[in-house]
Each structure stands twice: as structure tokens, then as C-alpha cells.
Amino acid sequence: MGTAAIEVRGLWKIFGPKADRIIGSPDADLEPAQLRAKTGCTAAVRDVSFEVRPGEVFVVMGLSGSGKSTLVRCLTRLIEPTAGELRIDGQDVRAMSAKQLRELRRHRVSMVFQHFGLLPHRKVVDNVGYGLEIQGVGKAERHEKARRILSLVGLEGHEDSYPEQLSGGMQQRVGLARALAVDPEVLLFDEPFSALDPLIRRDMQAEVIRLHREVGKTMVFITHDLSEALKLGERIAIMRAGAIVQVGTPEELVGAPADDYVADFVRDVPRAQVLSLRWISRDPEPDEPLDGPELPADTVIHDAVPAAMASDRPIRVVADGELVGVVSRVDLLGAVRPETERVVVAAPAQEAGEKHAENPAENPAEEPAEEPAEEPAGTEEPTGSEESAAPEEPTGTEESASPEEPAGAEESASPEEPAGPEEAAGTEEPTDSAETGGEEPVASGSAEQEQPPAEGDTPAAPPKRRRASTRATATKKAPKPPAEGGADASADAPAAASGRKPRASTAKASEQPSAEGEDDAPAPAKKSTRGGAAVASAGASGEA
């Protein structure tokens, strides 16, 4: 044991029957749940050892149920320890009598509780002077000292108020002033700011830092907030299941965690706000220049960035006028590099392709361009997948399959009747070659070589028409409606009336019914998905 303000060695606190028999037995190594199931006992503090130096802010942190509040109460025997050594200023606390223990609590150690613990029927000044009243100090003297302490914590002018008239943060300041009023050697804080709003909590943390700088008291601070621990603590002890996992400075915890539990605690801590240049400095290389900017060793990385950006030379890290090491820009970046998961972002072209795969009709690149009327139907651009897949559109091949209503190429098989535009329904405009097996309709291709027939000429030979109808059957599953059916149909109407066969190659309106074959087999009307006009208009004019 040295001259530390607080020394703790092998401290145990076990709740339950025959708790003293567990220490030193195999049961002491059981997990909390197993120990409770086997013995009915709970080990709140397990073999804890640490030291607090005079004037140090020592923070104990951990999750709820880790034993930190039980530990701080054991320091003044508000909770009686089961085993271990406990000394304050070299005096054995466990060996103190009841009278010595009262003197310790009244004069040398004060505690700030989580829930304020103010007396609601007393004014603020009387609450602050309560400890002095217990010591036997006169009313005038304690009021004078209480007013001075209230001014120190920023509550000047509220001396005659009652606790219910103050906000939560102000009530906590009253509790802090009450602890300071007795001028203790050690201040114990048991999660004093956990019930406060974030802004008030931040103000109270700054108040503790200021008071520590001004009065220099030894402080043991209990918290479950890591950011609060890093802000207040000169050293931090992390507890888990009643035991201390690691004790060290904020830099040691963030830069070199003892295990995965501590690493998980500090995972989200901004390293640039915690690690100092001393932690990341290195020895200079033989040929490395040493004329760069000079910074103290305790400068955090965040504050060193401007100097590093202003010079391309390594930063010289000094302590007490001596060179500790150097830090380059690469060293700074390597120290603060976050370990995050890689995020894969799809390229714009890939996203567009996926969108078109879901809804091809929205992609304007596949919309067929408007074709001139004189261009052969065989050279028509392929349609979109939605139009070619429409099952409800009737085709010429469907009509030719009906025995009652012969149409399309079936009519061209009869030598008595000249073939009109109706037979072109069997040669429905083809889709792209991928859908038709790469074949081009013979009727469309051969029509490019033919000259328009003279008046009264005989129509083309039936075998070619039948072959065109047969090849058109391959496009039955993906028909393409004409773009402008009405205009082309009106252009072929005079030829049909005179008994002359229109050219097959110009039949964008090849689905029009024949005027000569209407009386025997009128073709059913078909609707276009793009043209906007009914393709049966020529048939209607023929009937008229």
C-alpha cells in the first residue's frame, strides 16, 4: 500500500446466505446466473482492485447491473463489503469503529447522489448547509459558507428558494454545493447527471471540470455514459459482471482495448478527439526533415490537423522541451481511419438497366421509330416487349385458322378471287429476328423487286402468298400492330374497287379487308395499340 488517496485490494461484495463461504471456493468462478442458481447468492463486486491518486478524477463505468454503484457505496461502508482491503488516506476503513466511520462521512468524504436527496421542506441555503449543521457549525457561519458555495456553482440569488421551485439541473447543483460545503478530501459521484437533459448534463459536466480545476478535490465518478467518462476521467475503470475488465487512460482504452468487451464499448468513439500525438508519434527516419511545426505531446489529433495541413513536413512532438517523436500526415490518417463496412453503390447505367428490366415499356430506347409509308414492312423496327407480348391482339393467322371466316393468305389461295389487302393480314408485320428465328417474310422481301401491276394485270401467284402466310404463323405469339393504319388503308381503297391488287411491300395497312371478298367473308375489325384508328375502316367503306 502506498500514499494513494483511495486504495482497494481484492474487494468482494456478495448478497445472499453464507456469502463468506463462496470466496476462495470453486463457486467464486461461476457466472452470475450459475452462482445464483446453485447458491442463491449474487456477487455484485468480484475481487476488485484499483488505486486513486490524490487530486485525480477516477471514473468507474459499466452497464446497468455491472456493480459500479455497489462499489462506490462500499468505499464508505454504506454497503458493508464481504471481503477485501479498503483504505482512504492510508486508514483502514473496514477496521474503523462506528464513531470513526461517522467522522469519515461528515468531514473527509462527501457523496453526490443520483436523485439529489434534497429536503423539500428546507430552503436551498439550508439544504447546502445541512452537512455543516450536522458538524455543529452555527447558523450564521453555515449560511455564509453555503451562500459562497452556491455562488461557486452558479446559483447565486436562489438561496431562499425551495427545491420544487428549481429545475432538475439546478437541484443537482444544490446537491453538488451541499457536498462541497463540508470541504471534503474525497468527492464521490453516483451517476449524478443521468436523470438530466442532455444540455443540462453537459453544463454540469463542465461545472465538475471547473470545480476540480479550482478546488483540486479527489473525485470518484460513477457513470454508464462513455462520452461522459472520456470527458471527465483522467483514468477509467470498466466493469463487467462485478469485476474490473480494464483500468487505463482514455487513450489506452480507445487505442489498446484489453478485450472484445472493451473494444465494443469504445467502437463509436471518435479517435481524433481522444488519441494524442504522444500516442501515435514515432521515431524519425534517418533522412526525415525535422524542421516541421512543433506541438506538445498531449495535443489531440483533431487539434493537430490544421498544423499538418499547413506544412508538408512532419510534426515535431515535444514534451518538457525534448523531442518525443514525429507525426506525418499519413500517421494522422492511419490513426483516425474508421473501420466501417464497405458499401457497394450501383453505377447509374446498371441502375437504369435494372429499372428497364422491371418495366421495359418505360425505356424510350426501345420505342420503335415512325417509318415512312413507302418502306417495306420487312424492315420495320422491332416492337417493345410489352406490345409483342400482348395476348389479346387478334392476328391474321388467327383469322386464317378459322374455317368459317377465311381471311388473309387463305383468300389468296382461291384463283377466282383476286387477293386484296385482306390477305396482308396473314403477313402481319414481323417482330425482330430474335423472336422469328432470324427469318424475314418472303412476301415483304420479294415485293421490293416487283413493279406495280398494270391495269387489269393478273395478281401474284398464290404459292407465294401461301408461303408468306405460313411464315407469318411464326410471329403469332408476338404480333406488331401498324403505326398508321387509317392513312394507308385509304390509299389502297381505289385499287381494291377497281379489282387491282395493291402492292404487298407497301402494306402498313395490310390488315385492311378486301372490297371484293367482303360479301363472302367479312373480316372482323381489329384495333391497333399504337395507330389510334380502327383498321377496319377500309372494310366499312367497301360495304358502303
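Read on for a plain summary of the structure. Everything numeric here is computed off the predicted structure, so don't read it as measured data.

Criteria and cut-off values
- Residues numbered from 1 in each chain as written.
- Predicted model: local features only at pLDDT ≥ 70, side-chain atom pairs only at ≥ 80, totals over all residues.
- Heavy atoms only, no water.
- Helix = DSSP H or I, 4+ residues; strand = E, 2+ residues; numbered from the N terminus.
- Buried < 20%, exposed > 50% of the residue type's maximum accessible area, 1.4 Å probe, protein only.
- Contact = heavy atoms within 4.5 Å.
- Salt bridge = Lys/Arg side-chain N within 4 Å of Asp/Glu carboxyl O.
- Arc of directions from axis to C-beta.
- Pairing = 2+ DSSP bridges.
- Phe/Tyr/Trp six-rings, centres within 6.5 Å; stacked < 30°, edge-to-face > 60°.
- Lys NZ or Arg CZ within 6 Å of the ring centre and 35° of its normal.
- Axes fitted to C-alpha atoms, helices over the stretch in contact; angles between N-to-C directions.
- Parallel < 35°, antiparallel > 145°, perpendicular 65-115°, else oblique.
- Left-handed = near helix turned anticlockwise from the far one by under 90°.
- Nonpolar A, V, L, I, M, F, W, Y, C, P; charged D, E, K, R; others polar.

### Digging into the environment of Gly-169
Along the polypeptide, Gly-169 turns up in helix α7 (residues 168–181). For Gly-169, a relative accessible area of 3% corresponds to the buried category. Ignoring sequence-local partners within four residues, the contact set of Gly-169 consists of Leu-196, Ile-200 and Met-204.

### Side note on the pattern of salt bridges
On inspection of all chains with the given rule, the structure shows 18 salt bridges. Among the salt bridges present, the one from Arg-73 reaches Asp-190, with a minimum N-O distance of 2.4 Å. With Arg-73 in helix α2 (residues 68–74) and Asp-190 in strand β7 (residues 186–190), this residue pair connects regions lying 117 residues apart in the sequence. Residue Asp-190 is classed as buried on the basis of its relative accessible area, which comes to 3%. A salt bridge links Glu-133 to Arg-122, with the nearest nitrogen and oxygen atoms 2.8 Å apart. Linking Glu-133 in helix α5 (residues 130–135) with Arg-122 in the loop between β6 (109–112) and α4 (124–128), this pair joins segments that are 11 residues apart in sequence. In this structure Glu-133 comes out as partly exposed when scored by relative accessible area, which is 30%. Beyond isolated ion pairs, a larger network of salt bridges with shared partners links Arg-173, Glu-207, Arg-210 and Glu-214.

### Remarks on helix α13 (residues 301–310)
Regarding α13, the residues found buried are Ile-301, Ala-304, Ala-307 and Ala-308. Seen from one end, α13 has its buried residues packed into an arc of 110°, which puts them on one side. Those residues of α13 that are exposed and angled more than 90 degrees off the buried face are Pro-306, Met-309 and Ala-310.

### Some points on the pairing of strand β3 (residues 57–62)
Among the 6 residues in β3, 6 count as buried, and that is most of the element. Neither face of β3 is left uncovered, since the one carrying Val-57, Val-59 and Met-61 and the one carrying Phe-58, Val-60 and Gly-62 both have all their residues buried. As paired elements, β3 and strand β8 (residues 218–223) share 5 bridges and run parallel to each other. Within β8, the position partnered with Phe-58 by the bridge is Val-220. With 5 bridges connecting them, β3 and strand β9 (residues 235–240) associate as parallel partners. In the strand pairing of β9, Val-59 is matched with Ile-236.

### Some points on the packing of aromatic side chains
Under the definition given, this model contains 4 aromatic pairs. Centroid distance Phe-50 to Phe-58: 5.0 Å. Interplanar angle 10°. Geometry classified as stacked. Residue Phe-50 is classed as buried on the basis of its relative accessible area of 5%. Look at Phe-58 and you get buried, because its relative accessible area is 0%. Consider the rings of Phe-193 and Phe-221, whose centres lie 5.7 Å apart with planes at 50°: the pair is tilted. With Phe-193 in the loop between β7 and α8 (198–215) and Phe-221 in strand β8, this residue pair connects regions lying 28 residues apart in the sequence. When its relative accessible area of 2% is taken as the criterion, Phe-193 is described as buried. Here Phe-221 falls in the buried class, since its relative accessible area comes to 0%. Among the aromatic side chains, those forming a connected cluster through ring pairs are Phe-189, Phe-193 and Phe-221. The aromatic ring of Phe-15 is capped on one face by Lys-13, whose charged end is 4.8 Å from the ring centroid.

### A few points about helix α3 (residues 98–108)
Every α-helix winds through 3.6 residues per turn, so residues three or four apart in the chain are directed the same way. Every buried residue belonging to α3 is among Leu-101, Leu-104 and Arg-108, and all of these are buried. Seen from one end, α3 has its buried residues packed into an arc of 85°, which puts them on one side. Of the exposed residues in α3, those oriented more than 90 degrees away from the buried face are Ala-98 and Lys-99. Looking at the packing, one finds that the buried side of α3 touches β4 (83–88), β5 (91–92), β6 and β7.

### Section: the sheet that holds strand β11 (residues 294–296)
Spatially, β11-β12-β13 is the arrangement adopted by the 3 strands of the open sheet, whose pairing is mixed. Looking at the sheet topology across the chains shown, the edges are occupied by β11 and β13 (322–327). Taken over all neighbouring pairs, the strand axes of this sheet differ in orientation by 35° on average, direction set aside. Pairing geometry for strand β12 (residues 315–319) and β13, over 5 bridges, is antiparallel.

### So, the environment of Glu-251
Take Glu-251: it is sitting in helix α10 (residues 250–255). On the accessibility criterion, Glu-251 (18% relative accessible area) is buried. Separated by 28 residues in the primary sequence, Glu-251 and Trp-279 place their C-alpha atoms 7.5 Å from one another. With sequence-adjacent residues up to four places away left out, Glu-251 is seen in contact with Ala-256, Val-274, Leu-275, Ser-276 and Trp-279.

### Re the packing of α13 against helix α14 (residues 329–336)
Taken N-terminus to C-terminus, the directions of α13 and α14 make an angle of 150°; their axes are 10 Å apart at the nearest point. By the criterion of interaxial angle, the relationship of α13 to α14 is roughly antiparallel. In this structure, α13 crosses over α14, and the sense of that crossing is left-handed. Counting all contacts with α13, which are made through Ile-301, Ala-304, Ala-308 and Met-309, the residues of α14 involved are Arg-329, Leu-332, Ala-335 and Val-336. Its residues assigned to classes, the contact of α13 with α14 comprises 7 nonpolar, no polar and 1 charged.

### Overview of the sheet that holds β3
Strand order in the open sheet made by the 6 strands is β6-β7-β8-β3-β9-β10, with mixed pairing throughout. Edge positions in the open sheet fall to β6 and β10 (243–248), since each of these has one partner strand only. Looking at each pair of strands side by side, their axes are set apart by 15° on average, direction ignored. Relative to the sheet, α3 contacts β6 and β7, its axis offset from that of β6 by approximately 65°. The strands touched by α7 are β6 and β7; relative to β6, the strand with the most contacts, the crossing angle is about 175°.

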